[in-house]
Every structure is written in C-alpha cells, then in structure tokens.
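# Architecture and fold: a report
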Amino acid sequence: MKAVIVLGDGMSDHPVAKLGGKTPLMVANKPHIDRIARMGVTGRFVTVPEGQPNGSAVANLSVLGYDPAVCFSGRGVLEAASMKVDLGAGDVAMRCNLLCIDSQGKIKNHSAGHISTEESVQLIRDLDDKLGSALGDRPVKFHPGVSFRHLLVLPGGWASKDFDCAPPHDHVGELEVDLMPWALNDGAVETVDRLIEVHKNARRILTDHSVNRARVDRGQDPANCMWVWSPGRRPSMSTFQDLHGVSGAVISAVDLIQGLGVYAGMEKILVEGATGLHDTNYEGKAQAALEALEKYDIVYLHVEATDEAGHARDLDLKIKCIEYLDNRIVRPLLAGIEERDLRVTVAVLPDHPTPVETGCHASDPVPVAIWRPDAEADSVQGYDEEQVKPGSLGLLEGDQFIRKVFGE
Ligand SMILES: [Zn+2]
C-alpha cells in the first residue's frame, strides 16, 4: 500500500504560559489532522535516541527508519548532497550559517533576519574569493546555499572531523566569543585553530561588506558573521529501497531533507515557491505529493515553517503555520486521495519539538498519527501531545514508526 508522511518540522511543543499551559497543537484549529488521529492509530515516537545530537538531521533519519548511530555524520554532509557538492572521502563538510551578532557581541539571531538568498550568495562568494582555497596547505571552500544556510568544506583530507560546534539557534543571546568550535581530541586542534582564524577573518570582511551596509541602512540585521556547526564526513547509507524494499520521493524546501533524500536514493521533488518559511507554497506541495503518489510507493512531505516559527519564539505564527499545514496541505491531500480513490496510508508527525518559549530544539518523544485505510482505529479522537498518549501505538523507537506506516 502506498503512503504519505506529512512532517511538520518542530511542530510539537511544551505547555505555554500564554496559552494557560496548553500547546500550539492543542489550540490550533486543525480538523483534518485531528481526523487522521480519529480514523487511525496514535502514539508517540522517540526520534532522537539517547546520546544523539538533538535536531532535524537525526530525527528525520529516524522517521525514515535509519539508525542515526550508524549513519548520522553531521548535517553539512547531507546538505552538500542536495547542493550537488561532491565530497571526497577525506573531506569534512559543515553547515555555515550567516547570522547577526549584535553590538554587545551576542548572537542576535541564527538567520540574519532570514536574509535573502540573493544577498547571502554574494556574501558567501566574496568570502570564498578572499578566504577560500587560495590559502596553502589547509584549504577551505565556501559553497552558497539558500537564505542563511550555506556550506563550508575542508577539502583534501587535511582536516579532522573530531571537533564540535554550538548550533546557533540554540544559543541566541549568548556571547560569540564563548561559543567558538572546540577540539574533541589533540588531532583536531589544528582544524579548530584554522576554523577560528577563518571565522575572525570572515567577521571583518562581512562587517565592512557593502551588502551589509545596505542592510543596516534599511534597518535590517547585517549578516556580519559566518557560523559553522554540525561537521562530518560523507556518510555511508543504504538506499531507502534497499532498506525497506519500496521506492520513495521527498518534497521539502530545505537542503537537509533534500540531501537526506539524495543519500537515501529517493526522488527529490522541487516545488516552485517553497520557501521553508510561513509563506511557503503549501498547496503546491500537496499537489506535488498527490502526483508523486502515482509514481512512488511512499512520499515524504516536509514542512519547515513550524520550526522557523518556533526558533523565532513567535507563538501566534506557530499556531498559524499549524493551521496552514492542516488546511492547505492535509485537507487537499485527503480530498485528492479520496477523489482518486487511492488506498493510501497517511501519517502526520513532527521530527522534534521546537518550543516557542525557548526557541531551541527539544528531544521529547513526538506525537504520531497513522491512518491506514484497512486498519482499525484506536480510541483517540484528536491529535496533540497529550491526546495521543493513550494511543495504541504506545511509545515507538528506532525503525518502528516506518514499519507501522508499512503496516508491519
Ligand atoms: Zn527539525
């Protein structure tokens, strides 16, 4: 049987004081998602296993039935696949955010106010011209991406991957100087020294850059800092087809999920107007999913908007994005499946919570609802963090979620 998984990134949350202890999922008007829970089975899923770094990379690997302990090797390498950046076996790749440091030297936000791709590509290209591979035996290479999300590669095998970095969205308001990359062993000290050198040189170039002067003149946040995190080497992952015996397609606006799809051998479907923000093309994504269901066994439809609303600590926007996901994706998806008289399993879940009160990723189990046309429903009547707790799925771990989607 075919299946579609609708993933609202960061959609779940913790009790919010402003909501009288309720969560955005509890107060959002979401009749179509609630219907999936009512018609199907529900429960919770541990997407971030103990000891694994919290966040979308690990969580989405778990959702697709991969063991992060085996195949997670940083976020940068997954995004590189989506950006068509070929990594050599010895290369170390990492996410490179363009972000804003305020006048007190603190991280103002992780996205330089969601800088436009047009501006950020110019900045990244100039950083590569000035700091890129020209500099001798420890080359670095910048690769432009989308909005604030870019890639830094240390090519040629000289670098160690044994260092760690602070994910900027989890350290908003903290001092830049306290959060520089750190070596996990002596072999990584040279790599870290080089990265801090690049960081400092980039600060100077970005602060004086005409793109940022223009942003400041317009009252916008300057992208005055490049911030690396989640490093790793090219992962070895079996394809989704080999792992589960079915074909798949991925629909997402963000390089991370697209790259995950590339490594999993799934079809990457791009949707015009998909932004990764609250103004994304919801209807276009739903339509693309319905078309993809005709060709692929499983469609993974990822929506980033709820996560960015969480990072922005914008409660009203997060509730709005959940309602958009419900009314502009789940509703047309269910209607399209019924119109086409398709027998399709529909599942909905987040990858992890991004609570609005902290703006950071959390690793609590996420609420899950799976509606299989041929399966009996459990007694749960709606979908949110509390309602699903007595659900018949109980607490899922490892690849149990994807196996439930397949009806195993
Ligand atoms: Zn996420």
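This write-up is about the structure you can find in this document. (Residues numbered from 1 in each chain as written. Predicted model: local features only at pLDDT ≥ 70, side-chain atom pairs only at ≥ 80, totals over all residues. Heavy atoms only, no water.)

Turning our eyes to something else, we now look at the sheet that holds strand β10 (residues 248–251). Think of a sheet as strands paired side by side through backbone hydrogen bonds, with each pair either parallel or antiparallel. Strand order across the open sheet formed by eight strands is β11-β10-β12-β1-β13-β14-β2-β15, with mixed pairing between neighbours. The open sheet is flanked by β11 (267–269) and β15 (394–396), the only strands paired with a single partner. On average, adjacent strands in this sheet sit at an angle of 25° to one another, irrespective of strand direction. Pairing between β10 and strand β12 (residues 298–303): four bridges, direction parallel. The residue of β12 that forms the bridge with Gly248 is Ile298. Contacting β2 (41–45), β13 (344–349) and β14 (366–371), helix α2 (residues 31–39) runs over the sheet at an angle of about 70° to β14. (Pairing = 2+ DSSP bridges. Helix = DSSP H or I, 4+ residues; strand = E, 2+ residues; numbered from the N terminus. Axes fitted to C-alpha atoms, helices over the stretch in contact; angles between N-to-C directions. Contact = heavy atoms within 4.5 Å.)

This paragraph deals with the coordination of the zinc ion. Six octahedral donors around a metal ideally sit at 90 or 180 degrees from one another, while four tetrahedral donors ideally sit at 109.5 degrees. Within the protein, the atoms that donate to the zinc ion are Asp9 (OD), Asp9 (OD), Ser56 (OG), Asp351 (OD) and His352 (NE2), at distances of 1.9 to 2.7 Å. Each donor residue of the zinc ion lies on one chain, and together they are spaced D-x46-S-x294-D-H. Asp351 sits in the buried class, given a relative accessible area of 0%. Judged by its relative accessible area of 0%, His352 is buried. (Donors = N, O, S within 2.8 Å, 3.2 Å for Na, K, Ca; no water. Buried < 20%, exposed > 50% of the residue type's maximum accessible area, 1.4 Å probe, protein only.)

Right, let's get into unusual backbone geometry. Even without being a glycine, Ala112 presents a positive backbone phi close to 50°. As for its placement among the helices and strands, Ala112 is situated in the loop between β4 (107–109) and α6 (117–131). In this model, Asp341 sits at a positive phi of 55°, which is unusual for a non-glycine residue. Among the structural elements, Asp341 can be located in the loop between α13 (315–339) and β13.

Turning next to the packing of aromatic side chains. Evaluation of the coordinates by the stated rule reveals three aromatic pairs. Judged by centre distance (5.4 Å) and plane angle (20°), the rings of Phe45 and Phe401 are stacked. Taken together, the positions of Phe45 in strand β2 and Phe401 in helix α14 (residues 400–405) put the pair 356 residues apart, joining distant regions of the chain. Across the pair, Phe401 and Phe45 agree in class, each one buried. Ring geometry for Tyr282 and Tyr324: centres 5.4 Å apart, planes at 50°, overall tilted. Of this pair, Tyr282 sits in helix α11 (residues 282–293) while Tyr324 sits in helix α13; the two residues are 42 residues apart in sequence, bridging distant segments of the chain. A cation over a ring is seen here: Arg328 above Tyr324, with NZ or CZ 4.8 Å from the ring centre. (Phe/Tyr/Trp six-rings, centres within 6.5 Å; stacked < 30°, edge-to-face > 60°. Lys NZ or Arg CZ within 6 Å of the ring centre and 35° of its normal.)

Glancing now at the state of the cysteines. Enumeration according to the criterion identifies zero disulfides in this entry. Free of any disulfide, Cys96 has its nearest neighbouring cysteine sulfur in Cys225, separated by 8.8 Å. Residue Cys96 is classed as buried on the basis of its relative accessible area, which comes to 0%. Looking at the unpaired Cys321, the closest cysteine sulfur is the one in Cys360, lying at 18 Å. (Disulfide = S-S within 2.5 Å.)

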